[in-house]
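A look at the structure
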Amino acid sequence: MNELDSEVMAGILERRGFSEVTSEEEADILIFNTCSVRDLAERKVLGKIGRLGKLEKRPLIGIAGCMASSKKEALFQKVPYLDFVVGTNNIHELDAILDEALQKRPVTRVSPQFTEELDYKRAKRKDSIKASVSIIRGCNKFCTYCVVPYTRGREVSRLPESIVDECKTLADRGYKEVMLLGQNVNSYGKDRPEWGCSFAALLGRLNDISGLERIRFMTSHPVDISDELMVAIGALRHVAEYVHFPLQAGSNRILRKMNRGYTVEEYLQKVQKLRALVPDVALGTDIIVGFPGETEDEFRQTYDMVEQIGYSNSYLFAYSPRKGTPSTRWADDVPKEAKEERLQKLIDLQNRITTSHLESLIGKEVEVLAEEESGKDATCLKGRTRTWYNVVFPGSSDQLGTLQRVVVQKVINQTLFGTIIT
Ligand code: SAH
Ligand code: SF4
């Protein structure tokens with residue numbers, strides 16, 4: 001989501017006459033689009049900006065993103081040579097913010113709620129084959145550990161016509177894949193019942209756009225996945241069979257404390273139904289280890305769930321207390337070493353599971369979108385299967401952006417290698 005917001009900001013800068021440079025030393029303006037989900041991300045940004053104070057030529061420096069939204073003016077104390085702060089819901093004001101900042105006035109624009117549609121069609125896209133498309137912003141879930149509802153505000157769905165129009169434009173420009181983004185895409189449209197467009201219905205409309213080969217989406221909150229949506233994922237030709245379906249924890253006590261809104265049993269039922277309706281579906285997850293009070297036995301339950309479900313990939317995190325979130329009322333009492341050990345156990349488990357999934361594909365045919373050149377002399381192409389696995393195969397640049405049938409020959413470092421079936 002931040003990458004997309006950066007592309008939108010880059011589009012605004014380009015229209016002002018700026019162009020992109022490759023090093024910080026050359027820049028007249030630097031904007032750091034930040035993440036607050038974990039403490040480490042915040043510390044990295046502050047360290048990075050701190051080092052920039054030593055640059056000979058001082059550029060205009062701004063902080064955008066969730067840190068801007070949560071820390072606001074306080075950032076001027078932390079970073080003395082900061083010029084402006086632009087919250088996640090204020091990107092549309094960037095031009096006006098720059099006007100003020102150029103007159104050497106410190107500027108802070110942070111709104112609690114997303115209200116203005118962004119100029120997505122004029123975003124400066126990094127990629128020419130795949131594009132991220134925002135469909136819903138904010139989050140209403142209030143998981144007790146998470147800053148997102150505070151930094152991005154409540155859920156705001158984007159008008160379906162606007163999404164369809166952007167995707168058509170992307171397809172006309174030669175894009176083959178869209179990644180529909182939302183903290184919880186399954187809630188799409190619920191804030192605007194008068195539109196009569198659920199997420200499943202939106203997928204149906206996007207599936208009809210000619211030229212768009214693949215539609216991906218993330219993230220799917222387990223509470224809000226509907227039967228209608230599962231059926232749509234299975235039935236729609238261009239919707240990829242991959243669902244990022246964060247579990248977070250495998251113990252009911254911890255799930256309740258996290259305010260996730262489901263039990264392990266309910267989650268498993270949804271997985272079962274999804275697998276029945278979408279036989280080739282691959283599942284991804286997010287897990288937090290070391291949540292306040294998590295016992296060794298409760299961690300073991302998470303471990304067992306990950307093993308039982310057999311995710312194709314997972315994002316694994318050690319709990320990091322975030323100021324202003326409800327979970328800070330409990331002591332962050334799982335020792336650092338225990339968190340690291342639990343994390344490592346899950347990483348090892350996930351590596352084993354992923355490798356075994358990948359090895360089971362040897363000798364099989366997969367559909368790959370050729371997304372980029374690969375290898376030292378660019379004699380190979382790289383892309384992903386419908387289920388999000390990386391594949392490398394011999395090919396040439398004129399095949400970029402095409403779908404290829406590839407037969408898998410081997411697995412190295414969790415990447416599939418194969419050859420095109422002609
Ligand atoms: N909306 C998405 C996730 C957004 S944040 C969802 O609900 O799945 C991405 C991931 O960061 C979360 O799924 C969670 O696993 C992790 N995360 C969020 N807050 C965290 C915290 N305080 N400490 C550690 N991990 C956290
Ligand atoms: Fe955060 Fe929970 Fe919302 Fe995801 S669903 S963004 S984890 S509050």
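Keep in mind that this is a model prediction, so the values were computed, not measured.

Let us now look at the site of ligand 1. Lining the immediate surroundings of ligand 1 are 15 residues, of which Tyr-145, Gln-183, Gln-248, Asp-286 and Ser-320 lie closest. Within the side chain of Gln-248, an N or O atom sits 2.7 Å from an oxygen atom of ligand 1. A distance of 2.6 Å separates an oxygen atom of ligand 1 from a polar side-chain atom of Asp-286. Contact with the protein chains hides 90% of the accessible area of ligand 1, taken as 530 Å² for the molecule alone. Those elements giving two or more residues to the shell around ligand 1 turn out to be strand 11 (282–289) and strand 12 (313–318). Across the shell around ligand 1, the residue classes break down as seven nonpolar, four polar and four charged.

Spatially, 1-2-3-4 is the arrangement adopted by the four strands of the open sheet, whose pairing is parallel. Lying at the two open borders of the sheet, with one neighbouring strand each, are strand 1 (29–34) and strand 4 (107–109). Strand-to-strand, the axes of this sheet are offset by a mean angle of 15°, without reference to chain direction. Examined bridge by bridge, strand 3 (residues 84–86) and strand 4 share three bridges and lie parallel to one another. Its bridge partner being in strand 4, Phe-84 is matched across the sheet by Val-107.

Attention now moves to the pattern of salt bridges. This model, assessed by the stated rule, comprises 41 salt bridges. Note that Arg-109 and Glu-100 form a salt bridge whose closest N and O atoms lie 2.4 Å from each other. When its relative accessible area of 22% is taken as the criterion, Glu-100 is described as partly exposed. Glu-294 serves as the salt-bridge partner of Arg-342, at 2.8 Å between the closest nitrogen and oxygen. In this pair, Arg-342 is assigned in helix 13 (residues 336–359) and Glu-294 in the loop between strand 11 and helix 12 (296–309), connecting sequence segments 48 residues apart. No difference in accessibility class separates Arg-342 from Glu-294, as the two residues are buried. The network of salt bridges with shared partners includes Glu-7, Glu-117, Arg-125, Arg-158 and Glu-166.

The rules behind the values
Residues numbered from 1 in each chain as written. Chains lettered and ligands numbered in written order. Predicted model: local features only at pLDDT ≥ 70, side-chain atom pairs only at ≥ 80, totals over all residues. Heavy atoms only, no water. Near = heavy atom within 4 Å. Polar contact = N/O pair within 3.5 Å; in protein donor to acceptor, adjacent residues only side chain to side chain. Areas by Shrake-Rupley, 256 points an atom, 1.4 Å probe, with all protein chains shown as cover. Helix = DSSP H or I, 4+ residues; strand = E, 2+ residues; numbered from the N terminus. Nonpolar A, V, L, I, M, F, W, Y, C, P; charged D, E, K, R; others polar. Pairing = 2+ DSSP bridges. Axes fitted to C-alpha atoms, helices over the stretch in contact; angles between N-to-C directions. Salt bridge = Lys/Arg side-chain N within 4 Å of Asp/Glu carboxyl O. Buried < 20%, exposed > 50% of the residue type's maximum accessible area, 1.4 Å probe, protein only.

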